[in-house]
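An overview of the molecular structure
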Amino acid sequence: MTPTTAPAEALAPLPEQADVVIIGGGVIGASIAFHLAEAGVARVLLLERDHPASGSSGKPLGGVRAQFSDPLNIRLGLRSLDAWRDFARRPGADVGLTPVGYLFLLGDDRELATFTEGVHTQNAHGVPSRLLTPRAAHALCPYLDPAGIVAAAWSPTDGYALPGAAVTGYLRAARRLGATVRSHCPVTALDTADGALRAVRTPHGTVRTDTVICCAGAWSGAIGAMAGVALPVTPLRRQIAFTGPLCPAPPRIPFTLDFDSTLYFHDDGAGGLLMGFSDPRQQPDFGRDFTREWLDPFRAAAARRAPELARLPVVGGWAGLYEMTPDRNALIGEAARPGRFLYATGFSGHGFLQAPAVGELVRDLYLGREPFLDIGPLAATRFDGEAHAARPEAHII
C-alpha cells in the first residue's frame, strides 16, 4: 500500500450512489477529482484498480513543458505550467518542480525548419523558447557533442516534477473537499439503459450513477467498450534507466532530448542521470517489466549525440505504459451516447504535463461551463470513419 491510500480506505464499503464516478487513479483522474470537488460537486467517487499512481503516473520524474508545435498543446502546457508553479498553494503539496528547461537537439536542416516554425508559434503564445547554436547548447549540457547537431531548441521555463507527489497532493485535497477514493477496486461493467448511464459495477459492489469519467490510461479502451464508446488507445511500454550516483556528480543540465532518435536524459535528483529512449522495436502490449535490450540502441544513439552517456553504468530502471492514440494527441470529450460518459485519456506521454489543465477542462465540461480552451478537436470521434481528422503535433518524443 502506498502513502496515497490508507488500508482502511481500500477496505471501506462503496457508496451506493455517486453524482460522478471517475475511473482511474493516475494524475489525470486525481486532477479531475480535485477540480470537481473544489467546484462543489457532491459525491465524487474515484475508483482505482490498483493503488493511485500505480500506472504511468508512478514514474520517478515527469517532464513539464509548453514547447509544442500545435497551439492547442502549447496552451495546455502553459496553463499547466502555471498550475505546477502554484501547486504548493493549490491544492497544497510539494511536487519537486525543477525548472531546468527543455533542450531539443536538432540534427539536420529539416528538423531545424520544423523547430523554427515551432518556436515562432510558441513565442506568439508567450512561450520564451528560442533556437541555440551548437556551442550555446553545449554550454547548457556539457554531455552534448556540438559537432553532431546543427542547432537546438531551448525553453528555460520547462522542466520536470514528481508525478507520484502530484497524485498524492491532488487526492489529499480532493478528500478534504469531500471526494471519496477507493483503491483496489476495478470496474467490471457499466450499466446503461435508454442511452443513459445507470451504474458502475465492481467486485466490491455496484454504485448507481448517471456520470462516468474514464481516465483509465492504457486500459481506457476496455472501459470505453463497456459503454459502447470507441476510445482508440493502445498500450506501449516505455523504459527509463538510472546510472546511480556518479563521481563527480553531474552538473545541473536541462531535460535534453535528441529529436531524431528520441534519446533523452536529465539529472535524477540523486547525483546521477535518468536516461530514456523509445525503442522502435517495441510492440504494443501491457507488459511493464524493465528489461535491458533497449540499452543497445540507446547507447548507439548516445554515441552520436552525447558519447559519454554511452559509457555510463546502468544500475536499474523502470518501465511503464504510454497510452497511445493514432495521432499521439489526447482524447478529451463527452460521448454522444450514452450521455454523461466523459473521457480524458490517450495522452501518449503528455498526461502528466497536461494534467492540471485537463482537470479544469473536464470540470467545465461536466458543469456545462465555457472552458478556457475549445476541446472539440480532441474528441475521440475525430477517428471515426475513413476521413480521420488527426491533430498535428511535431514536437513528440
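Refer to the structure printed above.
Residues numbered from 1 in each chain as written. Predicted model: local features only at pLDDT ≥ 70, side-chain atom pairs only at ≥ 80, totals over all residues. Heavy atoms only, no water.

1. Description of the overall build of the protein chain
Counting secondary structure elements, the protein chain contains 9 helices and 19 strands. Taking 397 residues into account, the globule formula puts the C-alpha radius of gyration at 21 Å, and the protein chain, at 21 Å, falls close to it. Looking at the 397 residues of the protein chain, the share that counts as buried comes to 57%. The long-range fraction of contacts in the protein chain, counting pairs at least 24 apart against all pairs at least 6 apart in sequence, stands at 74%. Placing the 36 positive and 39 negative side-chain charges of the protein chain at their respective mean positions leaves the two points 4 Å apart. (Helix = DSSP H or I, 4+ residues; strand = E, 2+ residues; numbered from the N terminus. Rg over C-alpha atoms; globule rule 2.2 N^0.38 Å. Buried < 20%, exposed > 50% of the residue type's maximum accessible area, 1.4 Å probe, protein only. Contact = heavy atoms within 4.5 Å. Lys, Arg positive; Asp, Glu negative; His and termini not counted. Charge placed at Lys NZ, Arg CZ, Asp CG, Glu CD.)

2. Quick look at helix H6 (residues 163–176)
With 14 residues, H6 ought to run about 20 Å at 1.5 Å a step, and its terminal C-alpha atoms sit 20 Å apart, in line with that. Within H6 the residues assigned to the buried category are Pro163, Ala166, Val167, Thr168, Gly169, Tyr170, Leu171, Ala173 and Ala174. Looking one or two residues beyond H6, the residue adopting positive phi is glycine 178, at roughly 110 degrees. (Expected span 1.5 Å × (residues − 1).)

3. Comments concerning the packing of helix H2 (residues 27–38) against H6
In the contact formed by H2 and H6, the axes pass within 8 Å of each other and the chain directions differ by 25 degrees. With respect to H6, the element H2 is oriented roughly parallel. Of the two possible hands of crossing, H2 and H6 adopt the one that is left-handed. Judged by residue contacts, Val27, Ala30, Ser31, Ala33, Phe34, His35 and Ala37 of H2 engage Ala166, Val167, Tyr170, Leu171, Ala173 and Ala174 from H6. Taken together, the residues of the contact of H2 with H6 break down into 11 nonpolar, 2 polar and no charged. (Axes fitted to C-alpha atoms, helices over the stretch in contact; angles between N-to-C directions. Parallel < 35°, antiparallel > 145°, perpendicular 65-115°, else oblique. Left-handed = near helix turned anticlockwise from the far one by under 90°. Nonpolar A, V, L, I, M, F, W, Y, C, P; charged D, E, K, R; others polar.)

4. Considerations on the packing of aromatic side chains
By the definition in use, this model includes 14 aromatic pairs. The interplanar angle of 75 degrees and the centroid separation of 4.8 Å between the aromatic rings of phenylalanine 87 and tyrosine 170 together place this pair among those described as edge-to-face. Highlighted residues: phenylalanine 87 in the loop between helix H3 (71–85) and strand E4 (102–106) and tyrosine 170 in helix H6, separated in sequence by 83 residues. Tyrosine 170 shares its class with phenylalanine 87; the two are buried. Ring geometry for tyrosine 102 and phenylalanine 104: centres 6.2 Å apart, planes at 40 degrees, overall tilted. Exposure remark for tyrosine 102: the relative accessible area of 4% places this residue in the buried category. For phenylalanine 104, a relative accessible area of 0% gives the class buried. (Phe/Tyr/Trp six-rings, centres within 6.5 Å; stacked < 30°, edge-to-face > 60°.)

5. Some remarks on the sheet that holds strand E9 (residues 189–193)
Through backbone hydrogen bonds, the strands of a sheet pair up, either in parallel or in antiparallel fashion. Read across the sheet, 3 strands follow the order E9-E10-E11 without closing on themselves; strand pairing throughout is antiparallel. Sheet topology places E9 and strand E11 (205–208) at the edges, where each strand pairs with a single neighbour. Adjacent strand axes in the sheet meet at a mean angle of 25 degrees, parallel and antiparallel pairs treated alike. (Pairing = 2+ DSSP bridges.)

6. Here's the deal with the nonpolar core
Ile22, Val27, Ile28, Ile32, Leu36, Trp84 and Ile213 are the most contacted members of the largest nonpolar core, which has 54 residues in total. Within the residue set of this core, elements represented by two or more residues are strand E1 (20–23), H2, strand E2 (44–47), H3, H6, strand E19 (341–345) and helix H9 (351–367). Here isoleucine 213 is in contact with Val20, Val21, Ile22, Ile23, Ile32, Leu36, Leu342 and Val362, once residues within four sequence places are set aside. (Core = buried A, V, L, I, M, F, W, Y, C linked by side-chain atoms within 4.5 Å.)

7. Details of unusual backbone geometry
Cis rather than trans, the peptide bond between cysteine 247 and proline 248 has omega equal to 0 degrees. Among the structural elements, proline 248 can be located in the loop between strand E13 (234–242) and strand E14 (255–258). Cis geometry is found at the peptide bond from arginine 337 to proline 338, where omega equals 0 degrees. Counting through the fold element by element, proline 338 comes out in the loop between strand E18 (331–334) and E19.

8. Brief notes about the pairing of strand E6 (residues 151–155)
Of all 5 residues in E6, 5 are buried; the element is thus mostly enclosed. Going residue by residue along E6, you find Ala151, Ala153 and Ser155 tucked away on one face and Ala152 and Trp154 tucked away on the opposite face as well. Pairing of E4 with E6, which is carried by 5 bridges, proceeds in the antiparallel orientation. For leucine 105, the partnering residue across the bridge sits in E6 and is alanine 152. Of the strand pairs in this sheet, strand E5 (residues 130–132) and E6 are connected by 3 bridges, and their pairing is antiparallel. In the sheet register, arginine 130 faces E6, and the bridge partner there is tryptophan 154.

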